[in-house]
Amino acid sequence: MTLIVQKFGGTSVGSIERINAVADRVVRARLAGHDMVVVLSAMSGETNRLLALAHDLHSDPPAREVDVLLATGEQVTIALLSIALAQRGCDARSYTGAQVHIRTDNVHGKARILDIDDARVRDDLRKGRVVVVAGFQGVDEDGNITTLGRGGSDTTAVAMAAALKADECQIYTDVDGVYTTDPRIVPEARRLECITVEEMLELASLGAKVLQSRSVEFAGKYKVPLRVLSSFDDGPGTLITHEESGMEQVLISGIAFNRDEAKLTVKGVPDQPGVAYAILGVVADEHINVDMIIQNVGADGTTDFTFTVDRTDYRKATTVLEQIAKKLRAREVTGDDRIAKISVVGVGMRSHTGVASVMFKALADEGINIQMISTSEIKISVVVEEKYLELGVRALHSAFGLEKGQVRTGSVTHSA
Ligand code: ADP
Ligand code: ASP
Ligand code: MG
């Protein structure tokens, strides 16, 4: 017997017709002899609809109550799928995150899974039942409902697969795999047969929404066999591999982008030890994640401190920065929430130089100004004005020849 975890995203359960299609797919897998755990998202658009309702009532709704509200979206689809399975004579049980003990920390809106007590799920599987679990939600130590951040159902699925030691975790979505970049932005983007966990983690954390980055982290840590597939067609999808060896080394695997960030600058901060800590400390205390950081020292002995945060945290970050800026006697706080980050990712960068110069030239040729740069071993990211996002991604996709097949290492060898 093999155990498979299948996760279906919002579009894949977006209507009664789509839920029937999911039920057919689950029954097929069951008839093929697999033990099945199914993780579902809310119907597409539902999480946004619920969020908008909360914001109609309150400009900054209490995070605990938002989680109670958002968790209802997934509760609808798990019940509907179980009903559709019952109609097919398939014994199925739906469970909320709390019911299957998906225990998380208490950071509402972006909770992290701590552990899963899988006894109940295993018991149902032993009885031949299909187990249908609500994605995106868990429960904290005090029994409060939590949610795992947007796209969090992917993480529920991979965490369930890890806890149950599943033979494969299949993420069914509205594209037939992981592409060289978002095919909605670049129609010439190509599906990848496979991609390393490391590259996928970079792409996901840099904005490729096809998988939530926490899910890839789990897959890497617990060696979960993970595949992204289409719920609309049959096909091999994309396998997330745990080893690089045996794969032809590619220079650039993909391009990710993120328009969900904002940039903040504290200007004219006295250049003294402890300043970075003072600024980032107050931001961290608010559970705001900081991404790129730049510090420039001016001639007058003061420094400008710039960093990016999630756009949803922009207002909160501005407020706490204005307070700390006063304390530090900094000149002013400025911000820009119309920025976008574009990143090229590939393990081939480790052994080959020249990627940065190809990237910067492609952007320069389009007249796109680079505001910030950051690099790691296998990625280069730039911040640009948001209006240049699509143009920049297309230019880079073509500069690295991604539509034709990936540039193999060796093609770019000159120094950056
Ligand atoms: P789901 O509701 O199934 O979780 P998502 O909308 O979260 O689906 O993720 C799938 C979407 O991710 C695709 O429709 C596509 O627009 C987007 N996407 C972004 N980057 C990529 C990529 N590199 N490969 C495939 N899809 C991508
Ligand atoms: N429904 C949640 C969202 O829209 C979780 C998910 O779909 O993965 O973000
Ligand atoms: Mg998703």
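So, here is what we can say about the structure in this document. Residue indices begin from 1 for each chain and proceed along its sequence in written order. Starting at A for chains and at 1 for ligands, labels are handed out in the order in which the entities are written. Whole-chain, interface and lining totals are the exception, using all residues; otherwise, since this is a predicted model, local features are given only for residues with pLDDT of at least 70 and side-chain atom pairs are given and counted only at 80 or more. Derived side-chain values reflect all non-hydrogen atoms in the structure, with water molecules and hydrogen atoms excluded from consideration.

1. Comments concerning the site of ligand 2
Moving on, step 1. As a structural note, the neighbourhood of ligand 2 is formed by Ser41, Ala42, Thr47, Glu74, Phe136, Arg150, Gly151, Gly152 and Ser153.
Moving on, step 2. Whenever a nitrogen or oxygen atom comes within 3.5 Å of another N or O atom, the pair is scored as a polar contact, on the condition that within protein one atom can donate a hydrogen and the other can accept it, and that pairs from neighbouring residues in sequence are kept only if both atoms are in side chains. One of the backbone nitrogen or oxygen atoms of Gly151 is found 2.9 Å away from an oxygen atom of ligand 2.
Moving on, step 3. We get accessible surface area from the Shrake-Rupley algorithm with a probe of 1.4 Å; when it comes to residues, only the shown protein chains can shield them. Within the complex, 85% of the 260 Å² of free accessible area of ligand 2 lies under protein.
Moving on, step 4. Classification convention: Asp, Glu, Lys, Arg as charged; Ala, Val, Leu, Ile, Met, Phe, Trp, Tyr, Cys, Pro as nonpolar; all other residues, Gly among them, as polar. Split by residue class, the shell around ligand 2 holds two nonpolar, five polar and two charged. One heavy atom within 4 Å of a molecule or strand is enough for the residue carrying it to be called near that molecule or strand.

2. With respect to the nonpolar core
Moving on, step 1. Note on terminology: a nonpolar core comprises buried Ala, Val, Leu, Ile, Met, Phe, Trp, Tyr and Cys residues joined through side-chain atoms within 4.5 Å. Partly exposed describes any residue whose relative accessible area lies between the buried limit of under 20% and the exposed limit of over 50%, with all areas from a 1.4 Å probe on protein chains only and scaled to the type maximum. Of all hydrophobic cores here, the largest spans 44 residues; its most connected members are Val37, Met160, Cys169, Met200 and Ile240.
Moving on, step 2. By the criteria applied, helices consist of DSSP H or I runs no shorter than four residues and strands consist of E runs no shorter than two, each listed in order from the N terminus. Broken down by element, the residue count for this core peaks at seven residues, all from helix α5 (residues 153–164).
Moving on, step 3. Two residues form a contact once any of their heavy atoms are found within 4.5 Å. Once residues within four sequence positions are removed from consideration, Met200 is found in contact with Val178, Ile195, Val210, Leu211, Val216 and Ile240.
Moving on, step 4. Ranked by size, the runner-up nonpolar core spans 27 residues in total, among them Phe257, Met349, Val355 and Val358.

3. Quick notes on unusual backbone geometry
Moving on, step 1. Positive phi, normally seen in glycine, also occurs at Lys165, with a value near 50°.
Moving on, step 2. Residue placement: Lys165 occurs in the loop between α5 and β9 (168–173).
Moving on, step 3. For Lys165, a relative accessible area of 67% corresponds to the exposed category.
Moving on, step 4. With a phi angle near 60°, His287 is a residue other than glycine that sits in the positive phi range.
Moving on, step 5. Here His287 shows up in the loop between α8 (275–285) and β15 (290–297).
Moving on, step 6. The exposure class of His287 is partly exposed, given its relative accessible area of 49%.

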